[in-house]
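Reading the structure
Each chain is listed here by its residues.
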Amino acid sequence: MRIGVLALQGAVTEHIVSIEKTGAEGLAIKRVEQLEEVEGLIIPGGESTTIGKLMRKYGFIEAIRDFSNQGKPIFGTCAGMIVLAKQIAGGETGHLELMDITVARNAFGRQRESFECDLDVKGIEEPIRAVFIRAPLINEVGSEVEVLSVYKDEIVTARQGNLLVSSFHPELTDDFRLHQYFTDMVEASGTTA
Ligand code: GLN
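Every residue gets a number counted from 1 within its own chain, in the order that chain's sequence is written. Note on the predicted model: pLDDT of at least 70 is required for a residue's local features to be given, and 80 or more for side-chain atom pairs to be given and counted; whole-chain, interface and lining totals, by contrast, use all residues.

Rule in force here: UniProt positions are given in the numbering used here, feature names are shortened, and annotations may be inferred rather than shown by experiment.
The name given to the protein in an unreviewed UniProt entry is Pyridoxal 5'-phosphate synthase subunit PdxT, and the organism recorded there is Paenibacillus wynnii. The record in UniProt for the protein states the following under Pathway (unreviewed entry): "Cofactor biosynthesis; pyridoxal 5'-phosphate biosynthesis."

If you want it as C-alpha cells, here you go:
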C-alpha cells in the first residue's frame with residue numbers, strides 16, 4: 001500500500017516516517033500527477049493559508065477533490081484539517097471544503113500555544129500521545145461526522161467517511177497508532193491496487 005503526503009509546506013518527512021512504521025510505503029507528493037500513484041493522502045500541519053495558496057497555484061484543489069470523490073481516504077492534521085474543512089470560523093474562505101466541519105484556527109490561545117497530552121481516541125485501545133501546536137479545533141460537525149476524540153470538551157479528532165482529521169500532530173511522536181488507523185481505512189476502502 002502506498003500513502004502520499006502532500007509536500008507543499010509543513011511536516012512532511014515525519015509523516016512519511018510514521019507511515020512507514022505501519023508497513024505501508026510513504027511518498028512525498030509535489031505534483032498532481034503523483035496522486036495516481038497513491039491510495040491514500042495525508043495533508044500535514046504547517047500554515048493553512050500558505051498550504052491553501054500553494055494548492056491553488058499547483059492545481060491541487062480540483063485534483064484532491066477528485067481523489068476524495070473516488071472514495072480514496074484523506075487524513076488532515078492540524079493545518080491539514082483546516083484545509084479540509086467546509087468552513088473556517090471568522091469568515092475566512094475555505095480551501096478544499098470537503099468535510100462538513102467548522103474549524104477555529106489557533107483556538108487554544110497564546111498561553112497554550114503548544115502542549116502535549118494523552119488522548120482517548122474511539123477505535124484505538126489505549127490513549128495516544130498528542131502534540132498540539134497553535135492548534136485549531138472543531139466548533140461544529142455535520143450529521144455525517146463521527147467525533148473520535150475530545151480534549152476538555154473540544155472536538156480534536158473526527159471522521160466523515162473517507163476523511164479523517166486531527167487538531168494535533170500525530171507524526172511528532174513515536175506513537176503511530178493514528179497512522180495505523182488511517183492505513184486501516186485505506187485498506188478497507190478497497191481502492192488499494
Ligand atoms: N495555526 C496553523 C494554521 O492556522 C496550524 C498550525 C499547525 O499546523 N501546527 O494554519
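**Describing the overall build of the protein**
Quick note on the threshold: Helix and strand definitions follow DSSP, with helices as H or I runs of at least four residues and strands as E runs of at least two, each counted in order from the N terminus. Both definitions apply: the radius of gyration is a C-alpha atom measure, and the globule rule equals 2.2 Å times residues to the power 0.38. Labels follow a simple rule on C-beta atoms placed from the backbone: if 20 or more others lie within 10 Å of a residue's own, it is buried; if 12 or fewer, it is exposed; otherwise it is partly exposed. A pair of residues counts as a contact when their C-beta atoms, built from backbone coordinates, are separated by no more than 7 Å.
When helices and strands are tallied, the protein shows five helices and twelve strands. Against the globule reference of 16 Å for 193 residues, the protein gives a C-alpha radius of gyration of 15 Å, in line with a compact fold. Counting all 193 residues of the protein, 46% fall into the buried class. In the protein, once contacts between residues fewer than 6 apart in sequence are set aside, the share between residues at least 24 apart is 66%.

**Concerning the nonpolar core**
Selection criterion: As used here, a nonpolar core is made of buried Ala, Val, Leu, Ile, Met, Phe, Trp, Tyr and Cys residues. They are joined through C-beta atoms within 7 Å.
Of all hydrophobic cores here, the largest spans 56 residues; its most connected members are Leu-41, Leu-84, Ala-85 and Val-103. The contact partners of Val-103, leaving out residues within four places of it in the chain, are Met-81, Ile-82, Ala-85, Ile-88, Ala-89, Pro-136, Leu-137, Ile-138 and Asn-139.

**A word on the site of the ligand**
Note the cut-off: Only the C-beta atom matters for nearness: placed from the backbone, it must lie within 6 Å of the molecule or strand for the residue to count as near. Gly is put with the polar residues, along with every residue not named as nonpolar or charged; the nonpolar set is Ala, Val, Leu, Ile, Met, Phe, Trp, Tyr, Cys and Pro, and the charged set is Asp, Glu, Lys and Arg.
Taken together, Gly-45, Gly-46, Glu-47, Ser-48, Cys-78, Ala-79, Ile-82, Arg-105, Asn-106, Ile-133, Arg-134 and Pro-136 make up the full set of residues adjacent to the ligand. When its residues are assigned to classes, the shell around the ligand shows five nonpolar, four polar and three charged.

**A look at the confidence of the model for the protein**
Stated formally: pLDDT expresses how confident the predictor is about each individual residue, on a scale running from 0 to 100.
Taken residue by residue, the protein gives an average pLDDT of 95. The fraction at 70 or more is 97%. Interface confidence for the predicted complex, expressed as ipTM, amounts to 0.94; the pTM equals 0.96.

**Topic: the UniProt feature "active site" (unreviewed entry) in the protein**
Residues annotated in UniProt with the feature "active site" (unreviewed entry) correspond here to Cys-78, His-169 and Glu-171. A maximum C-alpha distance of 10.9 Å places the annotated residues, which cover 94 residues in sequence, within one compact spot. Tracing the sequence through the fold places Cys-78 in the loop between β4 (74-77) and α4 (79-84). Since 28 C-beta atoms lie within 10 Å of it, Cys-78 is described here as buried. If we ignore the near neighbours within four places in the chain, the residues touching Cys-78 are Gly-45, Ile-133, Ala-135, Pro-136, Ser-167, Phe-168 and His-169. Mapped onto the elements, His-169 comes out in the loop between β12 (163-166) and α5 (177-189). Here His-169 is in contact with Ala-11, Gly-45, Thr-77, Cys-78, Val-131 and Ile-133, once residues within four sequence places are set aside.

**Comments concerning helix α1 (residues 12-21)**
Our working definition: The directions considered for the arc are those from the helix axis to the C-beta atoms.
Looking at α1, one finds that the buried residues are Val-12, His-15, Ile-16, Ser-18 and Ile-19. For α1, the arc enclosing every buried residue in end-on projection is 165°, short of the 170-degree limit, so these residues lie on one face. Tucked into the core, α1 has its buried residues touching β1 (2-6), β2 (25-29), β3 (40-43) and α5. Trailing α1 by a residue or two, Gly-23 shows a phi angle of about 100°, which is positive.

**Observations regarding the UniProt feature "binding site: L-glutamine" (unreviewed entry) in the protein**
Using the residue numbers shown here, the UniProt feature "binding site: L-glutamine" (unreviewed entry) corresponds to Gly-46, Glu-47, Ser-48, Arg-105, Ile-133 and Arg-134. In terms of the greatest pairwise C-alpha distance, the residues named above, spread along 89 residues, form a tight cluster of at most 12.9 Å across. Tracing the chain through its elements places Gly-46 in the loop between β3 and α2 (48-57). Setting aside residues up to four positions removed in sequence, Gly-46 forms contacts with Gln-9, Gly-10, Ala-11, Ile-51 and Ala-79. With respect to the helices and strands, Arg-105 occurs in the loop between β6 (99-104) and β7 (114-119). Owing to 19 C-beta atoms within 10 Å, Arg-105 belongs among the partly exposed residues under this scheme. Arg-105 has contacts with Ser-48, Ile-82, Ile-88 and Pro-136, leaving out every residue within four places of it along the chain.

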